[in-house]
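Structural overview for review
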Amino acid sequence: MRTTNIILFLIINLCLGLKVNAFQNAQGVNGSNCSRQVIPFNQDWQFKKATYKTNIAIAGSDWESVNVPHTWNNKDIQKGKNFYTGDAFYRKSLVARQEWKDKRVFIRFEGVGTVADVYINNKLVGTHKGAYSAFCFEISNSLRYDTTNTVLVKVNNEERPDIIPINNKLFGVYGGIYRPASLIVTSKINVTTTDYASPGIYIKQDVNNKKANISVTAKVENKERQVQQITVKTTIRDKSGIIIKQVQQQQNVQPQGINIVNQQLQVNNPHLWNGRKDPYLYSLTTAIVKDGKTIDEVTQPLGLRYFSIVPSKGFYLNGQPYRLYGVCRHQEWQDYGSALSNAQHQNDLDMIYEIGATSIRFAHYQQAEYIYAKCDSMGFVIWAEIPFVNAVSTQEGDNAKQQLTELIRQNYNHPSIYNWGLHNEVYSSSPDGFVPVLTRELNDIAKTEDPGRFTASVSGYGEINRPSNLAADIQGMNRYYGWYEGKIPDLEDRVTGLEKDYPNYKVVLSEYGTEANVNQQQENVGDSGDPSGQFWPETFQTKFHEVQWGIIEKHPYLVASYVWNMFDFSVPSANGGGVPARNMKGLVTYDRKIKKDAFYWYKANWSQEPVLYISGRRNADRAEAVTTVKVFANTSNVTLYLNGKKLNEAEMGTTKHDFVFKNVNLVKGVNKLRAEGYFKGKLQSDSIEWTLKN
């Protein structure tokens, strides 16, 4: 009875006018007249870790009550390698409403790690392999209307050689229904929901500053017994909801297979989507109308833009140079794992926005639908990719192709995406090996599905002409000079060498960075660190990024650059820096509570908001009386005071935002440092204290 009341309450409220476009809310409702109902299916699940090889109907007792999103690895993955992988079960009761008898009912999961077997009343309705993409199964014919139905989901996150990623070593694959679930109720004639769980409509655009030609392909299913005549109507609305263009056409839809409906619209003098500068979004709705009534409709974001890459000059958005500099992001939080709320996703995006990034690489897998929608509205230019990463079994080809198709179809309409990532740090010894051949096949899939976007492959080596490289439009390189090889300044020679030898190639610095434990400090650091050691001072990370961003900034040859990583994250096999199972290359700590000095370095260099920050504040207990003080600021000038006394003028460091005060003489005991500068005529200031021990 409780489930019935919840569903009835939701349906009534939706019909009374709760209008939430799908591109604004990943659990949104398409339409306002109950033509399609999207009902959250996240509360009051039961959960248990167990293995039942024979009869799933006999699941025993001892179930735990949970809500979705949920993962069983939110704590143990963060402790090390001995985390639970294996079977677990989720079950939930569902009372089917009588009015659904003449409709179609689907169950949709946005993400389940890793393999999901979905049963309705102990009958298998579908299996999905892959932790990061959505999937949708029809359950209309499995529901009973005379009793309570049981939804049972068997989940398993063990390593498998046929499912990417094939191991839990580079990052842990969290088990569970860790993203939202929903029921979708449609008429018998509907825009498909089961085309790889896509929206069922695909928006293509041919845009310039004066005109936008828009093609919409809708995939329509007819589950009536006879051919039906419908009207397909597509409407474009501006940001305020005003209709600016509408087309409609009559269509006879067959009861066999998928009916493909193509429509064309033109918008003159379009308001372009222009990244962070102006992330303007129209909306586009495709509706199915029968006998004057809308019986189904789907709404998607419409950001009109065009982009290109000019070799040696970089990325261009709407015909103008647009530097892509940003961060990579893992989808996990300390003590939550990957089972994050939209508020937590938003918190991450807000910090990435604060730092001033223009682009994000979502590594190394498809991320939450809410994330892509928010990137559209916030103006990030993003790189989306599949988890073909780190290791190869030669058995994962079919699954890689499946996950790439899911990634593209589910996210096709997001204007923020410029690039589909095909692989990361997987290799073969010859151009005819498994990885090069599969990558060429993946590239063909991407270009067939979506010829309007770029593709990328990523190597962990510095050479362009390796066997696994160059099968995609963009060649990504992960380089960690000063950490895993060489010295911090070596990046300069690498980039200038590429410019000289490969001037017409599209090259991205897809990862660069180094570890930092904020509880470890050192006054003077060198040009190389110790990745296998237990001492990873924050001051080394700060120096690393000061030098390497100073190099990157001077080289627009690099199409884009991405700091690895925005946030610390768990690596079950890791054991360094004094913290087990932790990668601490983040600019922000795992719990999101501390923004490291390197965060403010990038904020000073990237952000348009006022920044004035004295570096080294956690290195507060000092041993050396004569030191260097660095201030990161985007003001034109900085004044530094020590114990109330003004110091000499600063020298410029690696960029114009790096104010370096040398030969600062500390006094024994507490030293008060204060920096001041003007940003657009308004005084900005920062202050810290250091204690000289000797």
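Residues numbered from 1 in each chain as written. Predicted model: local features only at pLDDT ≥ 70, side-chain atom pairs only at ≥ 80, totals over all residues. Heavy atoms only, no water.

1. Points about the overall build of the chain
Regarding its fold elements, the chain presents 8 helices and 42 strands. Radius of gyration (C-alpha) of the chain: 27 Å, near the 26 Å computed for a compact globule of 694 residues. Across its three principal directions, the C-alpha atoms of the chain cover 85 × 65 × 55 Å. The buried share of the chain, taken over its 694 residues, is 60%. Counted over contacts in the chain with a minimum sequence separation of 6, partners at least 24 positions apart contribute 70%. Counting only carbon and sulfur atoms, one obtains 45% of the accessible surface of the chain, whose full area is about 27,100 Å². (Helix = DSSP H or I, 4+ residues; strand = E, 2+ residues; numbered from the N terminus. Rg over C-alpha atoms; globule rule 2.2 N^0.38 Å. Buried < 20%, exposed > 50% of the residue type's maximum accessible area, 1.4 Å probe, protein only. Contact = heavy atoms within 4.5 Å. Areas by Shrake-Rupley, 256 points an atom, 1.4 Å probe, with all protein chains shown as cover.)

2. Side note on the packing of aromatic side chains
Under the defined criterion, the tally for this structure stands at 33 aromatic pairs. Both rings, one in Phe-307 and one in Phe-454, keep their centres 5.9 Å apart while their planes meet at 35 degrees; by these two values the pair is tilted. Placement of the pair is Phe-307 in strand 21 (residues 307-310) and Phe-454 in strand 28 (residues 454-459), with a sequence separation of 147 residues. When its relative accessible area of 12% is taken as the criterion, Phe-454 is described as buried. Note on Phe-599 and Tyr-600: the rings are 5.2 Å apart at their centroids and 75 degrees apart in plane angle, and the pair reads as edge-to-face. The two residues Phe-599 and Tyr-600 agree in class, both being buried. The rings of Phe-41, Trp-45, Phe-47, Trp-72, Tyr-84 and Tyr-90 are connected pair by pair, giving a single aromatic cluster. Across from the ring centre of Phe-41, 4.9 Å away, lies the NZ or CZ of Lys-92, which sits over that ring. (Phe/Tyr/Trp six-rings, centres within 6.5 Å; stacked < 30°, edge-to-face > 60°. Lys NZ or Arg CZ within 6 Å of the ring centre and 35° of its normal.)

3. Observations concerning empty space enclosed by the protein
Taken as a whole and judged by the stated rule, the model has 6 cavities of 30 Å³ or more. By volume, the second largest cavity amounts to about 80 Å³. Thr-114, Glu-158, Glu-159, Arg-160 and Pro-165 are the residues nearest the centre of the second largest cavity, which is lined by 14 residues in total. (1 Å grid on protein atoms, 1.4 Å probe; cavity = no way out; pocket = protein on both sides within 12 Å on 5 of 7 lines; lining within 4 Å. Points joined across faces, edges and corners; volume = space filled by probe spheres on them.)

4. Things to note about the confidence of the model for the chain
Taken over all residues, the pLDDT of the chain has a mean of 94, while the share at 70 or more is 94%. Scored below 50 in pLDDT, residues 1-33 makes 60 contacts in the model with residues more than four places away or belonging to other chains. (pLDDT = per-residue confidence, 0-100.)

5. Notes on the environment of Gln-548
Looking at where Gln-548 falls in the secondary structure, it is placed in helix 7 (residues 538-553). Along the sequence, Gln-548 and Thr-193 sit 355 residues apart, while their C-alpha atoms lie 46 Å from each other. A distance of 3.0 Å separates a polar atom in the side chain of Gln-548 from the backbone oxygen of Ile-488. (Polar contact = N/O pair within 3.5 Å; in protein donor to acceptor, adjacent residues only side chain to side chain.)

6. Remarks on the nonpolar core
Grouped together as the largest cluster of nonpolar side chains are 97 residues, with contacts concentrated most on Phe-315, Leu-404, Tyr-418, Met-566, Leu-587, Tyr-602 and Trp-606. Tallying contributions element by element places helix 8 (residues 597-606) first for this core, with 7 residues. Those residues in contact with Met-566, other than ones at most four positions away along the chain, are Val-327, Cys-328, Met-351, Ile-352, Ile-355, Gly-586, Leu-587, Val-588 and Phe-599. (Core = buried A, V, L, I, M, F, W, Y, C linked by side-chain atoms within 4.5 Å.)

7. Brief notes about the pattern of salt bridges
As a working rule, side chains carrying opposite charge can pair if their charged atoms are close by. Tallying each qualifying case throughout the model produces 36 salt bridges. A salt bridge links Glu-449 to Arg-409, with the nearest nitrogen and oxygen atoms 2.8 Å apart. A residue pair is termed long-range when its members are at least 10 positions apart, and Glu-449 in helix 5 (residues 434-449) and Arg-409 in helix 4 (residues 397-411) qualify at 40 residues. Here Glu-449 falls in the partly exposed class, since its relative accessible area comes to 22%. We classify Arg-409 as buried; its relative accessible area is 15%. Each of Asp-195, Lys-219, Arg-409 and Glu-449 takes part in a single network of salt bridges with overlapping partners. (Salt bridge = Lys/Arg side-chain N within 4 Å of Asp/Glu carboxyl O.)

8. As for the environment of Tyr-178
For Tyr-178, the position within the fold is in the loop between strand 9 (149-156) and strand 10 (181-186). Sequence spacing of Tyr-178 and Tyr-370 is 192 residues, and the spatial spacing of their C-alpha atoms is 14 Å. With sequence-adjacent residues up to four places away left out, Tyr-178 is seen in contact with Pro-69, His-70, Thr-71, Gly-111, Val-112, Gly-113, Ala-131, Tyr-132, Gln-331, Ser-338, Ala-339 and Leu-340. In this structure the side chain of Tyr-178 is engaged in a polar contact, spanning 2.6 Å, whose partner is the backbone oxygen of Ala-131.

9. Observations regarding the layout of surface pockets
By volume, the largest pocket amounts to about 540 Å³. As for the largest pocket, its lining consists of 25 residues, of which Glu-523, Lys-543, Glu-546, Thr-628 and Lys-630 are closest to the centre. Only helix 7 and strand 36 (626-633) provide two or more residues apiece to the lining of the largest pocket. Counting residues per element, the lining of the largest pocket draws most heavily on helix 7, at 7 residues. Residue composition of the lining of the largest pocket, by class: 6 nonpolar, 11 polar and 8 charged. (Nonpolar A, V, L, I, M, F, W, Y, C, P; charged D, E, K, R; others polar.)

10. Some thoughts on the sheet that holds strand 1 (residues 37-40)
The 4 strands lie next to each other as 1-10-5-8, forming an open sheet whose pairing is antiparallel. Either end of the sheet is taken by a strand with one partner, and the two such strands are strand 1 and strand 8 (135-138). Averaged over all adjacent pairs, the angle separating strand axes in this sheet is 25 degrees, with direction ignored. Direction of pairing for strand 1 relative to strand 10: antiparallel, over a ladder of 4 bridges. (Pairing = 2+ DSSP bridges. Axes fitted to C-alpha atoms, helices over the stretch in contact; angles between N-to-C directions.)

11. Some details on the pairing of strand 27 (residues 417-424)
Counting buried residues in strand 27 gives 8 out of 8 residues, a clear majority hidden from the surface. Sheet topology places strand 26 (residues 381-385) next to strand 27; 4 bridges connect them, and they run parallel. Following the sheet pairing, Glu-385 is matched in strand 27 by Gly-421. Where the polypeptide runs from strand 26 across helix 4 and back to strand 27, its parallel neighbour, the crossover connection is right-handed. Strand direction decides the pairing type here: strand 27 and strand 28, joined by 5 bridges, are parallel. Across the sheet, residue Trp-420 finds its bridge partner in strand 28, namely Thr-455. Each parallel crossover has a hand, and for strand 27 linked through helix 5 to strand 28 it is right-handed. (Right-handed = clockwise from strand over helix to strand, strands pointing away.)

12. Some remarks on the sheet that holds strand 15 (residues 243-253)
Within the open sheet, the 4 strands sit side by side as 15-14-19-20. Their pairing is antiparallel. The two strands at the open ends of the sheet, each matched to only one other strand, are strand 15 and strand 20 (293-302). For this sheet the average axis-to-axis angle between neighbouring strands, irrespective of direction, equals 15 degrees. In this sheet, strand 15 lies alongside strand 14 (residues 228-237) in antiparallel orientation, the contact comprising 10 bridges. Counterpart to Thr-234 in the pairing with strand 15 is Val-247.

13. Re helix 2 (residues 342-355)
Spanning 14 residues, helix 2 covers 20 Å between terminal C-alpha atoms, matching the ideal 20 Å at 1.5 Å per step. Residues of helix 2 that are buried: Gln-344, His-345, Gln-346, Asp-348, Leu-349, Met-351, Ile-352 and Ile-355. Against the buried residues of helix 2 lie strand 24 (324-328), strand 25 (359-362), helix 3 (369-378) and helix 8. Just past helix 2, the residue Gly-356 takes up positive phi, approximately 100 degrees. (Expected span 1.5 Å × (residues − 1).)

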